[in-house]
Amino acid sequence: MTTETRLRIAMQKSGRLSDETQQLLKRCGLKLNVGDRRLLAHVTNMPIDIMRVRSSDIPGLVMDGVCDLGIVGDNTLEETALERELLGQNSAYTKTTGLNFGGCRLSLAMPEEFNYTGLASLDGLRFATTYPQLMKRFAKENGINVDFCLLKGSVEVAPRVGLADGICDLVSTGATLEANGLKEVEVIYRSKASLIQGVELAPEKQAILDTLLPRIQGVMKAKE
Ligand code: PRT
């Protein structure tokens, strides 16, 4: 079988989604060895290749047709789609199925001592975030005027060093916010991992997905 007729799936190489994604694929019966350093791993018992990349690259790889499918957080997906739309790049995708892992929320958080009295009390303030598009959309929909500065990591430190008044970042347990003297004031987006696809698949690839998808859904159902 040629590489053209193999389904290519992008997954996070290492990070919060990589272990669960790998487990999901294994439970679906896919035999692959991603324990090595190969960034393109062949599944030996199905015509599927797994491309291991940074999470933030997955939506673009799917939207550009480099990968047929991707497993990524909705937060990354939505942020990338909004950004690409703004840049006039292809931002089309289909959510093939939601997955029940990677749950988190994108929230606005302020220093503990801040007197939060509702969204209007955030008007004119500056937020550090990795998600400027989601934040801008929320601000627009809620009629508040906020400024932002882009930080790709360690966002929680921004208020303490005078870079921003507050932050807009992902939260799961809330422990990181607490450890940095911050309190969550608004949830602006709720996220989970999803399986996504870009353009319509060629019939041979669609046939592979038709075999894989019920297995994924079965694994997710068993986990509930
Ligand atoms: O792969 P790449 O480096 O591009 O992506 P990444 O930096 O976003 O990777 P990673 O592994 O941090 O996150 C991958 C995805 O996991 C995210 O895009 C979310 O969809 C999902 N996820 C779920 C989370 C969290 N929970 C989470 N808590 N991603 C990040 N966090 C961080 C958050 O940014 C904060 O620093 O964890 C901290 C807060 O955690 P708590 O438990 O203290 O609240």
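Scroll up to find the structure this text is about.
Residues numbered from 1 in each chain as written. Predicted model: local features only at pLDDT ≥ 70, side-chain atom pairs only at ≥ 80, totals over all residues.

**Considerations on the sheet that holds strand β8 (residues 147-150)**
Then, in step 1: The 5 strands lie next to each other as β8-β7-β9-β6-β10, forming an open sheet whose pairing is mixed. The open sheet has two edge strands with one neighbour each: β8 and β10 (182-191). Shown here is a sheet whose adjacent strand axes are inclined to one another by a mean of 30°, direction ignored.
Then, in step 2: Of the strand pairs in this sheet, strand β6 (residues 104-111) and strand β9 (residues 166-171) are connected by 5 bridges, and their pairing is antiparallel. Directly across from R105, in β9, lies its bridge partner V171.
Then, in step 3: Against the sheet, helix α4 (residues 132-141) touches β6, β7 (126-129), β8, β9 and β10, its axis set at about 95° to β10. (Pairing = 2+ DSSP bridges. Helix = DSSP H or I, 4+ residues; strand = E, 2+ residues; numbered from the N terminus. Axes fitted to C-alpha atoms, helices over the stretch in contact; angles between N-to-C directions. Contact = placed C-beta atoms within 7 Å.)

**Comments concerning the site of the ligand**
Then, in step 1: Surrounding the ligand, one finds 21 residues, the nearest of these being G15, S55, G73, C104 and T176.
Then, in step 2: Secondary structure elements with two or more residues in the shell around the ligand: α3 (74-86), β9 and α5 (175-179).
Then, in step 3: Counting residues per element, the shell around the ligand draws most heavily on β9, which supplies 3 residues.
Then, in step 4: When its residues are assigned to classes, the shell around the ligand shows 5 nonpolar, 13 polar and 3 charged.
Then, in step 5: Residue contributions to the shell around the ligand reach at least three from each of two domains, namely domain 1 (3-102 + 193-223) and domain 2 (104-191). (Near = placed C-beta within 6 Å. Nonpolar A, V, L, I, M, F, W, Y, C, P; charged D, E, K, R; others polar. Domains from an automatic or database assignment.)

**With respect to the environment of S172**
Then, in step 1: In this fold, S172 is placed in the loop between β9 and α5.
Then, in step 2: With 12 C-beta atoms counted inside 10 Å, the residue S172 sits in the exposed group.
Then, in step 3: Counting along the chain gives 66 residues from S172 to L106, while the straight-line C-alpha distance between them is 9.0 Å. (Buried ≥ 20, exposed ≤ 12 C-beta atoms within 10 Å, placed from the backbone.)

**A short note on the sheet that holds strand β3 (residues 48-53)**
Then, in step 1: The 6 strands lie next to each other as β2-β3-β1-β4-β11-β5, forming an open sheet whose pairing is mixed. The sheet is open, and its two borders are formed by β2 (40-42) and β5 (94-98), each paired with just one other strand. Along the sheet, successive strands turn relative to each other by an average axial angle of 30°, direction set aside.
Then, in step 2: Pairing of strand β1 (residues 7-12) with strand β4 (residues 69-73), which is carried by 2 bridges, proceeds in the parallel orientation. Counterpart to A10 in the pairing with β4 is G70.
Then, in step 3: Each of β4 and β11 (193-197) touches α3; the most contacted strand, β4, lies at about 105° to it.
Then, in step 4: This element, helix α6 (residues 203-223), spans β1, β3, β5 and β11 of the sheet and lies at about 30° to β5.

**A look at unusual backbone geometry**
Then, in step 1: A positive phi angle, near 50°, is found at S154, a position not held by glycine.
Then, in step 2: With respect to the element layout, S154 can be found in the loop between β8 and β9.

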